[in-house]
Structure formats: C-alpha cells, structure tokens
Amino acid sequence: AYEIKRPRAQFVSKFADDEPRKGADILVEALEREGVNCVFAYPGGASMEIHQSLTKSVTGIRNVLCRHEQGEVFAAEGFAKA
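Residues numbered from 1 in each chain as written. Predicted model: local features only at pLDDT ≥ 70, side-chain atom pairs only at ≥ 80, totals over all residues. Heavy atoms only, no water.

## Notes on the state of the cysteines
And step 1. Scanning the entire structure with this criterion turns up 0 disulfides.
And step 2. Just so you know, C66 is unpaired, no disulfide at all, and the nearest cysteine sulfur is the one on C38, 9.5 Å from it. (Disulfide = S-S within 2.5 Å.)

Put into structure tokens, the structure is as follows:
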C-alpha cells in the first residue's frame, strides 16, 4: 500500500550543507534516508516539532496519530506484522 518513493542510495537532502536546521528536521531526514514510510506517534507538546517536520517530509512519511498510547502500540504492532 505504502511504497518508498526514493531508494536510499539516491537520497538527496533538502537542506544545503551550511543551512541551519532543527533537531526534528535532522530526525525526519534520517528516517527518510533509512526508507521509513510510516510512523506511529503520540502527539504532545514535546513532540510537536517532530510532527511539523514530518508534514514537510520529502518522501511523504505517513504520520499515524491514534490519540491513545496503548492503541498506538497495538496499531504499530499490527502494521508491522501485516
């Protein structure tokens, strides 16, 4: 259903080498480089920067927000097994 849009070997950063970026941008870029296409995340104040960076993902990482920690774990496990 969800495919990686760009092979890892051809990954190109959207940031210039000397361009400043936030830790959340670095995290999302690392996920993109590793070929991650779906993330299950629990929204909250401390993680809002990550969620905002995910919306700007070059490869279109899908961000699944279940709004409940236990439900999130069950959903992620089911997704991984499917």
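## Overview of the nonpolar core
And step 1. In this structure, V28, V39, A41, L54 and I61 together form the largest nonpolar core, which totals 5 residues.
And step 2. Every residue in contact with A41, bar those within four places of it in the chain, is listed here: H51, N63, V64, L65, C66 and E72. (Core = buried A, V, L, I, M, F, W, Y, C linked by side-chain atoms within 4.5 Å. Buried < 20%, exposed > 50% of the residue type's maximum accessible area, 1.4 Å probe, protein only. Contact = heavy atoms within 4.5 Å.)

## Considering helix α2 (residues 48-55)
It helps to recall that an α-helix has 3.6 residues per turn; residues three or four apart then point in one direction.
And step 1. Those residues of α2 that fall on the buried side of the exposure criterion are H51, S53 and L54. Projected down its long axis, α2 shows its buried positions confined to an angular sector of 160 degrees, all on one face.
And step 2. Buried positions along α2 lie against α1 (23-33) and β2 (62-64). (Helix = DSSP H or I, 4+ residues; strand = E, 2+ residues; numbered from the N terminus. Arc of directions from axis to C-beta.)

## Points about the packing of α1 against α2
And step 1. Where α1 meets α2, the axes come as close as 8 Å, and the angle between the chain directions of the two elements is 50 degrees. The angle between α1 and α2 falls in the class oblique. As for the relative orientation of α1 and α2, their crossing is right-handed in sense. Across the interface between the two elements, A24, D25, L27 and V28 of α1 pack against E49, I50, S53 and L54 of α2.
And step 2. Across the contact of α1 with α2, the residue classes break down as 5 nonpolar, 1 polar and 2 charged. (Axes fitted to C-alpha atoms, helices over the stretch in contact; angles between N-to-C directions. Parallel < 35°, antiparallel > 145°, perpendicular 65-115°, else oblique. Left-handed = near helix turned anticlockwise from the far one by under 90°. Nonpolar A, V, L, I, M, F, W, Y, C, P; charged D, E, K, R; others polar.)

## Regarding unusual backbone geometry
And step 1. Positive phi is not limited to glycine here, since R67 has a value of about 70 degrees.
And step 2. By the secondary structure assignment, R67 is in the loop between β2 and α3 (69-81).

## Notes on the side chain of S57
And step 1. In this structure, S57 sits in the loop between α2 and β2.
And step 2. Classification of S57 by relative accessible area gives buried; the value is 12%.
And step 3. Within the local environment of S57, its side chain forms a polar contact with the backbone nitrogen of G60, the two atoms lying 3.1 Å apart.
And step 4. When near neighbours in sequence (up to four residues on either side) are disregarded, S57 contacts V28 and E32. (Polar contact = N/O pair within 3.5 Å; in protein donor to acceptor, adjacent residues only side chain to side chain.)

Purely geometric stuff here, so don't read any function into it on its own.
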